[in-house]
Every structure is written in structure tokens, then in C-alpha cells.
Amino acid sequence: MKNSLKAMMMSAAVTGLLSGSATPIHASTLQGTQLGQLSSASATFLGADKDKHACKGQNSCKGKGGCKAGDNGCKGKNSCKGKGGCATDGSKPPAA
Amino acid sequence: MSSLAQLQRQMATAVMRPLTRSETTRQRDANGRSVAAEADSFIKPNDRLSSFERLEIYNRQYWFRLFSSFEEDFPGLRSIVGSRRFNRLMRAYLETNPSRSFTLRNLGSSIVPWLQQNPQYAEPHTESAIAMAALEWAHIEAFDNARLPPLAPDAIASLGDETQLALQPFVRLIASPYAVDDALIAIKDNAHAAGTQASNAVTLHLVRRNRSRRPKREQIHLAVHRHEDTVYYKRLAFEDYQLLRAFEANATLSDAIDAAFLDSSIAEADRPAHLQSAFQYLMQMGWLCLPSATEQP
């Protein structure tokens, strides 16, 4: 790449970083946002298509680790149901 | 080894032993020994269940938990290969890639290379199945991979050609010959709608129809990323994808820019504006960081 073009590219990258640092994006503006709305540039980098929301409502365990550890893993497949066999010491459930 | 540790190991081996095709405990272990005799040696029977039957409860629960977790993580893969084939695929995968982590989050971590080595489990849709599995694993990673300190505004002034930059771990990149993003969103929307319908039904017995939703053939490049605790799929231009791939490999700023426009159809005159817009977005989203931030302490 020619030096002059290279210098222009570097300058463009740094200018983009500087302008981006002043205006962080929030979720409310992310969906359906096109880059043309965020930038005066006519370029379409990362903005040709809107972001697609992929898992709304499934984030209650985000950041807590082990998202699968606490839910009901044997729901509907409880092979010991009604046999009183789950207790490992052979004890019987208390009378109702 | 203490007798307790030995007992724990014996129990773990018995509980984690793969089930039969009809989802019951195997009568014989891999060495042909009787599992019932083994169970008798360390599990007490009670007045209702034999030692073998008591072991079977835990053996089955263990595998049912793995199956439900895997199914939950890969609904798109299931939709492409079909339920019956998916069950075979899942059992074969889990037998060769058993859970080795404290969290089931990592259960599907080897699915893509495994499918590449075992394409027969996804035939005749192997290519789209691998693409979908890659997206679904990327989704899991984007969901809870780390967010490192993003590139700070005051660090920009000191950037030079040879400065290395890195992509945040919560941004995962996908190149796929199929529109797997649209297909997966449709599958999840469908499942959500079915779930809502089921929860509203009091007495009606609903039979869920798992209609196949195979993705259209279309070359796409995606960033799968997390923003404010929600995962998004963002289509990228080829140049954007190349740029981010370079940052993923901790390229220098200069090398990343060169990589972005390799085989690009964008005219040279338009490239600076394209780049400016690109870097503005990357900064706004906090997708870039310094490689030192990605190093383990």
C-alpha cells in the first residue's frame, strides 16, 4: 500500500476511535441501528444490517456462572417418582 | 487412595456409564462384568428397589440432565438434522466428549470439530449443521465470555502503526455459507411462541411439532456479541470481518488495516471513510482492548 494512502488509513482509524469514544451505544439504540445514523460518513462498516436480538429474556443468570447448575435438570424424566427410591439411605418419606 | 475416594470414584464411574439405546442402565460394563454385581458390592438395596435399580435412577438422571442441557444449547442443530438423527448424534458426541467441567455450559465446546470428524451424524446436511453448531457455540461464548477493560480514550493518542489491538472475548466471529442467523432466530421465536402457548393451556394437551427450519444457502459473516447482557447477531461486510479476525489474532493496527482490504471490492478512495466509520463503531461498542488485558494474571 502506498505510504500516503496508508497514512490516510491510519488517520481515519484514529479519527474513528476518537469520535467513537465520545458516544457509547446503549441497548435501546442498538437494535435497528444503522451506522449511517451514527456517523456522518457514508460508509456502511458494521451497519449494513441491523443487529438481531438473539436471546431476549434468557439472561437472568448472566454473570453468575454455571447458568445450568440451578434449574430443574430432571423435570419430566423423574424415573424414581412414586417409588420412594431416591433417598440413598433407604428411608421412607414422612407420612402426610 | 482412601477408601472414601475409591468409593466416590466407583460411584462416579457407575453413574456416568453410558445408557443403553432404550435409556436404561447397561447390564454389563465395558469389560463385560455384571453391573448388577458391581452395584450389589457398594449400594444397599431397600424394600422396593434392588441395588441395580437404585443405581439406575442416578445413572439415568445423570444422562437425562446432559441430554436436556445439550438439547437446550443446540436447538438449531436439532432442527437441521431432525429429532431422530439429533438423538443419535447427541449420544455419540456425549459418549466421546463427556462432561469434564464443573459447569454444563462447556458441554458442547467440542461439537464443531467433532462434527467435522464425524460428518455421518449430520448427513445429508453436514455443512449447514456444522455452520449452525458453530453459531450456537459462539452464542454460548458471547453470552458469558469475559468483558475486559475496553480501549480507553486516553490510550488512543499513543496508538501507532505497530500497536497491537485485541478483540474482546465476548465478540465471536462466524463465517458461514448458510444464513444460520435468520434460521436460529426463527427457531427460537417458534420455541418461545410454543412455550407461551403451552403455559397458557390448562387442560389442552399440546403436541409440539418440531418443523425443520433449514437455513438458506447464503455466504454470511457475523459478529456474535453481548451488549448489556443480551446476545446479538450482527452481519458484517467481508472487510469488517477480515479486520476483526485480524484483531482477534492480536494484529498490529497496520496489519489489521491491510488484512481488512485484502481482496476487497471497495475502491481505494472510499476506504478511509469506511475505516473511520468502522473504528468509530468498534470504539462505541467497546469491542477493542489491548492484548495485555487478555493475558491471564
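Residues numbered from 1 in each chain as written. Chains lettered and ligands numbered in written order. Predicted model: local features only at pLDDT ≥ 70, side-chain atom pairs only at ≥ 80, totals over all residues. Heavy atoms only, no water.

Chemist: Please give an account of the overall build of chain B that cites residues and values.
Modeler: Of the regular secondary structure elements, chain B holds 13 helices and 5 strands. A compact globule built from 297 residues would reach a C-alpha radius of gyration of about 19 Å, whereas chain B, at 24 Å, exceeds it by more than 25%. If you take every contact in chain B between residues at least 6 apart in sequence, the share linking residues at least 24 apart comes to 69%. Counting only carbon and sulfur atoms, one obtains 50% of the accessible surface of chain B, whose full area is about 14500 Å². Side-chain charges of chain B comprise 33 positive and 34 negative groups, with the mean position of each set lying 13 Å from the other. (Helix = DSSP H or I, 4+ residues; strand = E, 2+ residues; numbered from the N terminus. Rg over C-alpha atoms; globule rule 2.2 N^0.38 Å. Contact = heavy atoms within 4.5 Å. Areas by Shrake-Rupley, 256 points an atom, 1.4 Å probe, with all protein chains shown as cover. Lys, Arg positive; Asp, Glu negative; His and termini not counted. Charge placed at Lys NZ, Arg CZ, Asp CG, Glu CD.)

Chemist: Describe in detail helix H1 (residues 3-21) of chain A, supporting the description with residues and values.
Modeler: With 19 residues, H1(A) ought to run about 27 Å at 1.5 Å a step, and its terminal C-alpha atoms sit 27 Å apart, in line with that. Where H1(A) is concerned, the buried positions are A:Leu5, A:Lys6, A:Met9, A:Met10, A:Ala12, A:Ala13, A:Gly16, A:Leu17 and A:Gly20. With its buried residues spanning 155° around the axis, H1(A) presents them on a single face. Away from its buried face, by an angle of more than 90 degrees, H1(A) presents the exposed residues A:Asn3 and A:Ser4. Contacts made by the buried residues of H1(A) are with helix H8 (153-156), helix H11 (253-260), helix H12 (271-285) and strand E5 (288-289) of chain B. (Expected span 1.5 Å × (residues − 1). Buried < 20%, exposed > 50% of the residue type's maximum accessible area, 1.4 Å probe, protein only. Arc of directions from axis to C-beta.)

Chemist: Before we move on, could you go through the environment of B:His221 and cite the residues and values that matter?
Modeler: All names here are of chain B. Structurally, His-221 can be placed in strand E3 (residues 217-227). On the basis of relative accessible area, His-221 is assigned to the buried category, the value being 13%. Sequence separation between His-221 and Ile-187 is 34 residues; the distance between their C-alpha atoms is 20 Å. Ignoring anything within four residues of it in the chain, the contact list for His-221 reads Ile-174, Ala-175, Lys-234, Arg-235, Leu-236, Phe-238 and Tyr-241.

Chemist: Can you break down the confidence of the model for chain B residue by residue, with the values?
Modeler: All names here are of chain B. In the predicted model, chain B carries a mean pLDDT of 88, and the fraction of residues at 70 or more is 91%. Of all secondary-structure elements in chain B, the lowest mean pLDDT belongs to helix H13 (residues 291-294), at 71, while helix H6 (residues 111-117) reaches the highest, 98. The low-confidence segment residues 198-210 (pLDDT under 50) makes 7 contacts with residues lying over four places distant or belonging to another chain. Model confidence for the complex is summarised by a pTM of 0.79, with the ipTM given as 0.75. (pLDDT = per-residue confidence, 0-100.)

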